[in-house]
Amino acid sequence: MVNSKSKRKYIIKRNSEFQTEDTYALESGKKISGPKIFKIRWINDCEYNLMIDTIKNKCDETDLYMNSKGGLNVKIIKVENNCATLITSLEDMKVESKLCKIK
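What comes next concerns the included structure. (Residues numbered from 1 in each chain as written. Predicted model: local features only at pLDDT ≥ 70, side-chain atom pairs only at ≥ 80, totals over all residues. Heavy atoms only, no water.)

1. Examining the overall build of the chain
Put simply, the rule is: In this text, helices come from DSSP runs of H or I with a minimum length of four residues, and strands from runs of E with a minimum of two, each type numbered from the N-terminal end. With C-alpha atoms as the basis for the radius of gyration, the globule rule is written as 2.2 Å multiplied by the number of residues raised to the power 0.38. Each residue's exposure class comes from its accessible area (1.4 Å probe, protein chains only) as a fraction of the maximum for that residue type: buried when under 20%, exposed when over 50%, partly exposed otherwise. By the convention used here, residues are in contact when the closest approach between their heavy atoms is within 4.5 Å. For the accessible areas, the method is Shrake-Rupley and the probe is 1.4 Å, while residue cover comes only from the protein chains on display.
For the chain, the helix and strand inventory stands at one helix and eight strands. Along its sequence from the N terminus, the chain presents helices and strands in the succession β-β-β-β-β-α-β-β-β. For the chain, the C-alpha radius of gyration of 13 Å lies close to 13 Å, the compact-globule estimate for 103 residues. By principal-axis analysis of the C-alpha atoms, the chain measures approximately 35 × 35 × 30 Å. Within the chain, buried positions represent 31% of all 103 residues. When contacts within the chain are restricted to residue pairs at least 6 apart in sequence, those whose partners lie at least 24 apart make up 21%. Just so you have it, the chain exposes about 7400 Å², and 51% of that area is on carbon and sulfur atoms.

Here it is as structure tokens:
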């Protein structure tokens, strides 16, 4: 997943229970952080919630705040080929992004 506003690229690996993210600087390709491990809770076929796994991660104040607000809510709004357009929200902040499966 690429976020052009923050100039970061996220490599995401997922199974049925957990999502792992590594973060890279978009321009240099250097790893900034990770892995960060989230617990996944599916709400329906097109919506899920991500909570930081506080046991498997070193958590900072931002992580704990995010969890205290119920985590990240992710809605899949469009699927084309092997890419999905997502809206991720936390409180009143919303970010639209595109997530593509790499074969």
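After that view of the structure, there is still more to cover.
2. Details of the nonpolar core
To keep it simple, the criterion reads: The set of buried Ala, Val, Leu, Ile, Met, Phe, Trp, Tyr and Cys residues whose side-chain atoms join them within 4.5 Å is what this entry labels a nonpolar core.
Ranked by size, the top nonpolar core spans 12 residues in total: Phe38, Ile40, Tyr48, Leu50, Ile52, Met66, Leu72, Val74, Ala84, Leu86, Leu90 and Leu99. Elements with a contribution of two residues or more to this core: β4 (31–44), β5 (47–52), β6 (72–80) and β7 (83–90). Not counting residues within four places of it along the chain, the set of residues in contact with Leu50 comprises Gln19, Phe38, Lys39, Ile40, Gly71, Leu72 and Val74.

3. Topic: the packing of aromatic side chains
Worth spelling out the cut-off: Any two of the Phe, Tyr and Trp rings considered here, Trp counted by its six-membered ring, make a pair once their centres fall within 6.5 Å; the pair's planes then place it as stacked at under 30 degrees, edge-to-face at over 60, or tilted in between. In this analysis the charged atom, NZ for Lys or CZ for Arg, is taken to sit over a ring once it is within 6 Å of the ring centre and within 35 degrees of the ring normal.
Enumeration over the complete set of coordinates arrives at one aromatic pair. The ring of Tyr24 is capped by Lys9, whose NZ or CZ atom sits 5.9 Å from the centre of that ring. Lying over the aromatic face of Phe18, Lys56 brings its terminal NZ or CZ to 3.8 Å of the ring centre.

4. Brief notes about helix α1 (residues 61–68)
Note the cut-off: The arc in question is traced by the directions running from the helix axis to the C-beta atoms. Within 3.5 Å is the distance limit for a polar contact, defined as a pair of N or O atoms, with the added protein rule that one can donate a hydrogen and the other accept it, and that residues adjacent in sequence qualify only through two side-chain atoms.
Among the residues making up α1, those that are buried are Asp63, Met66 and Asn67. Angularly, the buried residues of α1 cover 95° about the axis, an arc narrow enough to put them on a single face. Away from the buried face of α1 by more than 90 degrees, exposed residues Glu61, Thr62 and Ser68 are located. Structurally, α1 contributes buried residues whose contacts are with β4, β5, β6 and β7. A side-chain oxygen of the first residue of α1 lies 3.1 Å from the backbone nitrogen of Thr62; this N-cap is Asp60.

5. Overview of the sheet that holds strand β8 (residues 93–100)
In plain terms, the rule: Strand pairing is defined by DSSP finding a minimum of two bridges between the two strands. Here an axis means a line fitted to C-alpha atoms, over the contact stretch when the element is a helix, while the angle between two N-to-C directions is reported on a 0 to 180 degree scale.
Reading across from one edge, β1-β2-β3-β4-β5-β6-β7-β8 is the order of the eight strands in this open sheet, with antiparallel pairing throughout. Since the sheet does not close on itself, it has two edges, and those belong to β1 (2–3) and β8, each with one partner. Across seven bridges, the pairing between strand β2 (residues 8–14) and strand β3 (residues 18–25) is antiparallel. Each residue of the ladder has a partner; that of Ile12, found in β3, is Glu21. Of the strands in this sheet, β4, β5, β6 and β7 are in contact with α1, which crosses β5 at around 140°.

6. Brief notes about the pairing of β3
The side chains of a regular strand alternate, first on one face of the sheet and then on the other. The loop that links β2 with its antiparallel partner β3 comprises three residues. Where β3 and β4 come together, six bridges link them in antiparallel fashion. Looking across to β4, one finds that Glu21 is bridged to Lys36. Hairpin geometry of β3 and β4 is characterised by an intervening segment of five residues between the two adjacent antiparallel strands and by a positive phi of about 80° at Gly29.

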